[in-house]
Amino acid sequence: MANVTFSGPTLSKNITVYAVAGDNGTLLAVAKANNIVIPFQCQDGECGSCLIKVTHLGDNAPKAIHLTDKEKLTLSVNGKLSKELLAKTEVEDMPPPFRLACQYIVRDEDILVEFSGEAGVE
Ligand code: FES
């Protein structure tokens, strides 16, 4: 069970939901299921609309460390994933702060998800 806390200007306060990890659900799907409106368009990792900032909470090592190739490319093109951050992700298993909600698979860990409510803006 993962605690996912959403924080954004469209919410009157932060909302924490319990997500079942391991069912391959994306963060965007978790948000939708809980009526939390994160902007999105393609839902396929290509447009960058669902840009979010994810902070891993707790002392355990982050688990959601895998970025899809589309996520890497779209974040890079939009200036949200530098070569240094990508190397850190791939070599040290330290995920970058900015992610795409439609590509992020929820794992069994507590996270804070920040979004702006504007497409492509964290
Ligand atoms: Fe297009 Fe996520 S909705 S990249």
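Refer to the structure presented above.
This report concerns the structure included in the present document.

Reading the values: the criteria
Residues numbered from 1 in each chain as written. Predicted model: local features only at pLDDT ≥ 70, side-chain atom pairs only at ≥ 80, totals over all residues. Heavy atoms only, no water. Salt bridge = Lys/Arg side-chain N within 4 Å of Asp/Glu carboxyl O. Helix = DSSP H or I, 4+ residues; strand = E, 2+ residues; numbered from the N terminus. Buried < 20%, exposed > 50% of the residue type's maximum accessible area, 1.4 Å probe, protein only. Contact = heavy atoms within 4.5 Å. Pairing = 2+ DSSP bridges. Axes fitted to C-alpha atoms, helices over the stretch in contact; angles between N-to-C directions. Polar contact = N/O pair within 3.5 Å; in protein donor to acceptor, adjacent residues only side chain to side chain.

### Re the pattern of salt bridges
Counted according to the given criterion, the structure contains five salt bridges. With a closest N to O distance of 3.6 Å, glutamate 46 and lysine 70 form a salt bridge. Separated by 24 residues along the polypeptide, glutamate 46 in the loop between helix 1 (27–33) and strand 3 (51–56) and lysine 70 in helix 2 (residues 69–77) bring together distant segments of the chain. Looking at lysine 70, the relative accessible area reads 33%, which means it is partly exposed. Salt-bridge contacts for arginine 99 lead to glutamate 71; the nearest nitrogen and oxygen are separated by 2.9 Å.

### Describing the environment of isoleucine 111
Looking at where isoleucine 111 falls in the secondary structure, it is placed in strand 5 (residues 111–114). The exposure class of isoleucine 111 is buried, given its relative accessible area of 2%. A C-alpha to C-alpha distance of 10 Å links isoleucine 111 and valine 17, two positions 94 residues apart in sequence. Those residues in contact with isoleucine 111, other than ones at most four positions away along the chain, are Asn3, Val4, Thr5, Leu27, Val54, Thr55, His56, Leu57 and Tyr104.

### Focus: the sheet that holds strand 5
Note: strands within a sheet are paired through backbone hydrogen bonds, in either parallel or antiparallel orientation. With respect to topology, five strands assemble into an open sheet ordered 2-1-5-3-4, the strand pairing being mixed. A single partner strand is all that each edge strand has here, and the edge strands are strand 2 (15–19) and strand 4 (98–100). Geometrically, the sheet is characterised by an average inter-axis angle of 35° between neighbouring strands, direction not taken into account. Relative to strand 2, strand 1 (residues 2–7) runs antiparallel, the two sharing five bridges. Considered in strand 2, the bridge of asparagine 3 is made with tyrosine 18. Along the sheet, helix 2 contacts strand 3 and strand 4; its crossing angle with strand 4, the most-contacted strand, is approximately 125°.

### With respect to the side chain of threonine 89
As for its placement among the helices and strands, threonine 89 is situated in helix 3 (residues 83–92). For threonine 89, a relative accessible area of 5% puts it in the buried group. A polar side-chain atom of threonine 89 sits 2.9 Å from the main-chain carbonyl oxygen of leucine 85. Among all residues touching threonine 89, those that are not within four sequence positions of it are Ile65, Leu67, Met94, Pro95 and Pro96.

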